[in-house]
Amino acid sequence: MATPNLLAPEAPAAPPAPSPRRRRRGDGPAAGRYLAPAAILLLVVLAYPIYQLVVISFYDYGQAEAAGNAPLRFLGLANYAELLGSATFWTVLAKTVVFAAVCVVGSLVAGTGLAVLASKVRAVPRTLLFLAALGAWATPAVAGSYIWLFLFDADFGLVNEALASLGFGGMAGHSWTFGTTSAFGLVALEVIWCSFPFVLVTMYAGIRAVPAEVVEAATLDGAGAWRTTTSVLLPMVRPMLLIATVQSIIWDFKVFTQIYVMTSGGGVAGRNLVLNVYAYQQAFAGSRYGLGAAIGVVMTVLLLSVTGLYVRSQRAGLA
Amino acid sequence: MTTLVRKPGRTFAEIVTVLAAAVVAFPLYWMVLTALKPPGEVQSAAPWTFAPSLDSFQRVLTVSGFGRYFLNSLVVALVVVLLSLLFAFLAAVALTRFRFRGRTVLLVMLLVAQMVPVEALTIPLFFLMRSVGQVAPAFGLNELGSLVLVHLAFSLPFAIWMLRGFVAAVPAELEEAAKVDGASRLRFVWQILFPLVAPGLVATSVLSFIHAWNDFLFAKTFIISRSENQTLPQAILVFFKPEENDWGAIMASSTLMTVPVLVFFVLVQRRLVSGMAGAVKG
């Protein structure tokens, strides 16, 4: 510090400069001005609708009420009672959880595995992988859904044609979107395809941040590639893995577009419903906005419990 | 010695990597290939009779008013990107460089806001936009303004959270030095801080862009009776027909829909990777 006087002109005599923390106390009004545009928007278009969602879920809110032609009837918890008492809800919830779990595990395994691989290879193969992953990531959900639908199309799809030419003649004209498992499986493939790149990039950034000496030391101590990966790399990138996991859970639990597009709104007789699509159907197709809102509240609560985990893991960064 | 031992393992890893890249890229390759096939050949899987034709693209661009939908999507996405960058940058500055009460609470709320299922809010937002339309018609149902508002609300929490890491990374001494040189805080924020967090702004803009560009649900729900204000994802539905889907046109429009994002992504990929790392660390 050659010029201490310039850096702390108001206290030239005191050797330790006043901490910036202390000097910034009382930034309230300025902070208010800087935060105002975002805060106003978030209050109007996010916080208020969240409040409204809860309110609507307590009412018998149908077509007539929505149009203002009938007075609102307060139901209390009746929408929730109906929901929890209906077999459909539990089936849909179970399907949502299983579907999300498959997608989360799939994208974590693919993303982390490829990130480890990418950290071990030279620049050219790595760049090829990253370009391909960026392509999948950049593909809009709607476009991605159509691509995978076409690949697995019963009559013109490449997959059936390839299977038929390999001797599986019975596969010609096979409908992948008809059966519940294969339809969900197909959607899961698409979701994993477009969401593993986030895991790849996050985990790759994490692995690169591990100092090379640590890995070298492990190798010198006689640890093989597998041992180095599981005992040294993975524990050190655990924070990244946690973020990737929680983000994946949040995204995959909320998948809407892919299910809606690929199974034409939830499949024949609603066999491929997830909570999101179910809520949308009840509200907008069935004009049961109250029940739809209740499903939304249940989903939000489920996701917020996951968020609790995330916030806890991030607490260090909040201080 | 080490190189001799390592080499076969690395070659194997490299083969696996390239294979994985091929598998991941294949759906995109198939999309473009199908879009370029001449009519009548879409049904055949064989790529070697390949004779590129722009027929499908022509069908898309002439038949459905695709240009208008494309423009709508682009306008909405770009306005969302610009406004969310501006608002999120200001908020990120306040949340990282200013000390005030309730700061931590705000940060936690932003984190929670990211977890709220967008789709569940469609119901109250539908009613909100209907009422907004009576006061400010440009932001009501059937108008692009409503989409801008909604996408902003959902991209802001993430954008603020992400930019926070970048703003925090700028050393406090710089601010002190600027103050000593007589620069006001406003001047410091715009002339020094803003350019310094450019990588973060770029990474954030990509994610906001994708968010708005991808939207299927809100456009489907809010734009009901004025089809000329519809966006791209809905436009493609025209080519799904009960008799026979026009896969050539569907793949051509999917290609047109993917290209802008892809270009954006490839241009900024370096910054995106460091941006993701920055956000994760921040």
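To be clear, the structure that these remarks concern was listed above.
As a starting point, this report considers the structure included with it. Note that this is a predicted model, so its numbers are computed, not measured.

Side note on the overall build of chain B
Part 1: Secondary structure assignment for chain B yields twelve helices and zero strands.
Part 2: Tracing chain B from N to C terminus, the helices and strands come up as α-α-α-α-α-α-α-α-α-α-α-α.
Part 3: Looking at chain B as a whole, 55% of its 282 residues qualify as buried.
Part 4: Partitioning the contacts of chain B with sequence separation of at least 6, the portion at a separation of at least 24 is 72%.

Considerations on the overall build of chain A
Part 1: For chain A, the helix and strand inventory stands at 16 helices and two strands.
Part 2: Across the 319 residues in chain A, those meeting the buried criterion constitute 50%.
Part 3: Contacts in chain A between residues far apart in sequence, at least 24 positions, make up 66% of those at least 6 positions apart.
Part 4: Of the roughly 14700 Å² of accessible surface on chain A, 67% is carried by carbon and sulfur atoms.

Section: unusual backbone geometry
Part 1: In this structure, Ser287 of chain A is a non-glycine residue whose phi angle is positive, near 55 degrees.
Part 2: With respect to the secondary-structure elements, Ser287 of chain A resides in the loop between helix H15 (275–285) and helix H16 (289–318).
Part 3: Non-glycine residue Asn142 of chain B carries a positive phi angle of around 75 degrees.
Part 4: One can find Asn142 of chain B in the loop between helix H5 (122–135) and helix H6 (144–169).
Part 5: Residue Asn142 of chain B is classed as buried on the basis of its relative accessible area of 11%.

Things to note about the layout of surface pockets
All names here are of chain A.
Part 1: Estimated volume of the second largest pocket: approximately 540 Å³.
Part 2: For the lining of the second largest pocket, the elements supplying multiple residues, two or more each, are helix H8 (141–151) and helix H14 (257–262).
Part 3: The element that contributes the greatest number of residues to the lining of the second largest pocket is H14, accounting for three residues.
Part 4: Here the residues of the lining of the second largest pocket are counted per class, giving 14 nonpolar, seven polar and two charged.

Structural notes on the state of the cysteines
Residue and element names in this part refer to chain A.
Part 1: A full pass over the atoms with the stated rule returns zero disulfides over all chains.
Part 2: Lacking any disulfide linkage, Cys103 is separated from the closest cysteine sulfur, that of Cys194, by 8.9 Å.
Part 3: Given a relative accessible area of 0%, Cys103 falls into the buried group.
Part 4: With relative accessibility at 15%, the residue Cys194 sits in the buried group.

Overview of the interface of chain B and chain A
Part 1: Taken together, the contact pairs 102 residues of chain B with 96 residues of chain A.
Part 2: Interface area, chain B with chain A, both sides summed: about 8700 Å², of which 77% is carbon and sulfur.
Part 3: Considering only the side of chain B, the residues that lose the most area to chain A are Arg99, Met115 and Ile123 of chain B, jointly responsible for 8% of the buried surface there.
Part 4: Taken together, the links from chain B to chain A amount to one salt bridge.
Part 5: Measuring nitrogen to oxygen at the nearest pair gives 2.9 Å for the salt bridge that ties Arg122 of chain A to Glu14 of chain B.
Part 6: At the junction of chain B with chain A, the criterion picks out six residue pairs in polar contact (both at pLDDT 80 or more).
Part 7: Each residue belonging to the side of chain B that touches chain A can be placed in one class, and the counts come to 76 nonpolar, 13 polar and 13 charged.

Conventions and cut-offs
Residues numbered from 1 in each chain as written. Chains lettered and ligands numbered in written order. Predicted model: local features only at pLDDT ≥ 70, side-chain atom pairs only at ≥ 80, totals over all residues. Heavy atoms only, no water. Helix = DSSP H or I, 4+ residues; strand = E, 2+ residues; numbered from the N terminus. Buried < 20%, exposed > 50% of the residue type's maximum accessible area, 1.4 Å probe, protein only. Contact = heavy atoms within 4.5 Å. Areas by Shrake-Rupley, 256 points an atom, 1.4 Å probe, with all protein chains shown as cover. 1 Å grid on protein atoms, 1.4 Å probe; cavity = no way out; pocket = protein on both sides within 12 Å on 5 of 7 lines; lining within 4 Å. Points joined across faces, edges and corners; volume = space filled by probe spheres on them. Nonpolar A, V, L, I, M, F, W, Y, C, P; charged D, E, K, R; others polar. Disulfide = S-S within 2.5 Å. Buried area = accessible area lost by both parts, 1.4 Å probe. Salt bridge = Lys/Arg side-chain N within 4 Å of Asp/Glu carboxyl O. Polar contact = N/O pair within 3.5 Å; in protein donor to acceptor, adjacent residues only side chain to side chain.

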